[in-house]
Amino acid sequence: MIALDLQPFGIVSNVGFQRFCNVLEPRYKLPSDRHISLKLIPDIYGCVKEKLKEELSYIKHIAFTTDIWSSSVGSNLLLSLTGHWINENFVRKKGVLSASSFVGRHTANAIQTELENTLAAWNIEKERVVTVLRDNAANVTAGLTAAGIGHQGCFIHT
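This structure is a prediction, so every number in the text was calculated from the model and none was measured. (Residues numbered from 1 in each chain as written. Predicted model: local features only at pLDDT ≥ 70, side-chain atom pairs only at ≥ 80, totals over all residues. Heavy atoms only, no water.)

1. Thoughts on the confidence of the model for the protein
No. 1: Counting all residues, the mean pLDDT for the protein is 91, and 99% of those residues have values of 70 or more.
No. 2: When pLDDT is averaged over each helix and strand of the protein, the minimum, 78, is found for helix 1 (residues 2–5) and the maximum, 96, for strand 4 (residues 129–134). (pLDDT = per-residue confidence, 0-100. Helix = DSSP H or I, 4+ residues; strand = E, 2+ residues; numbered from the N terminus.)

Spelled out as structure tokens, the structure:
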């Protein structure tokens, strides 16, 4: 429920939620929000990541969208990379491969390095990348060009 419905970890501390769960199964002891955030979510993430890596290993062509954006909650800057592909059953699929903290200056070199590291972590060779849809920022454009990855500007940003 927390991952699927984007509920906060603290939902398990809410009296109403605890009562609801108690009605469903009085013997069940809810895990703490700490256990959920430190154990359950990382375990689920690991399983989903491995399954997605396996699926992507069979994909011959993949496109990406990327953006650098700031969190509304703090001063964190994030670089996201989302893959888009069609599987062997001709079903359109997508997956967020990375939404990582981006520390330091947003130079073309730093962007190139981060994107190349993300592709490597997912075992995706540059030759399989059809294109990357990006904003029109000069540093992102230069970073993708330096990486030797095909890219195009977003129509909305243009």
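Past the structure itself, the notes keep going.
2. Some points on the environment of Trp85
No. 1: Note that Trp85 resides in strand 2 (residues 77–86).
No. 2: As a C-alpha pair, Trp85 and Ile62 span 23 residues in sequence and 5.0 Å in three-dimensional space.
No. 3: When neighbours within four sequence positions are excluded, Trp85 is seen to be in contact with Leu52, Glu55, Leu56, Ile59, His61, Ile62, Val91, Arg92, Lys93, Lys94 and Gly95.
No. 4: A polar side-chain atom of Trp85 sits 3.2 Å from a polar atom in the side chain of Glu55. (Contact = heavy atoms within 4.5 Å. Polar contact = N/O pair within 3.5 Å; in protein donor to acceptor, adjacent residues only side chain to side chain.)

3. What about the pairing of strand 4?
No. 1: Inspection of the sheet shows strand 1 (residues 62–70) paired to strand 4 by 3 bridges, in the parallel sense. For Phe64, the partnering residue across the bridge sits in strand 4 and is Val132.
No. 2: One ladder, built from 3 bridges, connects strand 4 with strand 5 (residues 151–153); its direction is parallel. If you follow Leu133 over to strand 5, its bridge partner there is Gln152. (Pairing = 2+ DSSP bridges.)

4. What about the sheet that holds strand 5?
No. 1: Pairing in this open sheet of 5 strands is mixed, and the strands run 3-2-1-4-5 from one edge to the other. Across the chains shown, the open sheet's two edge strands, defined by having one partner strand only, are strand 3 (92–101) and strand 5. Neighbour to neighbour, the strand axes of the sheet diverge by 20 degrees on average, direction disregarded.
No. 2: Judged from the 8 bridges that link them, strand 1 and strand 2 form a sheet pairing that is antiparallel. When the bridges of strand 2 are listed, Ser70 appears paired with Leu77.
No. 3: Strands in contact with helix 4 (residues 108–121) are strand 1, strand 2, strand 3 and strand 4; relative to strand 2, the strand with the most contacts, it is inclined by about 45 degrees.
No. 4: Most of the contacts of helix 5 (residues 138–147) go to strand 4, to which it runs at about 165 degrees, and overall it touches strand 1, strand 4 and strand 5. (Axes fitted to C-alpha atoms, helices over the stretch in contact; angles between N-to-C directions.)

5. Observations concerning the side chain of Ser100
No. 1: Position of Ser100 among the secondary structure elements: in strand 3.
No. 2: Relative accessible area serves as the criterion here: at 19%, Ser100 is assigned to the buried category.
No. 3: Here Glu114 takes part through its side chain, which lies 3.0 Å from a polar atom of the side chain of Ser100.
No. 4: Setting aside residues no more than four positions away along its own chain, Ser100 makes contact with Leu77, Leu78, Leu79 and Glu114. (Buried < 20%, exposed > 50% of the residue type's maximum accessible area, 1.4 Å probe, protein only.)

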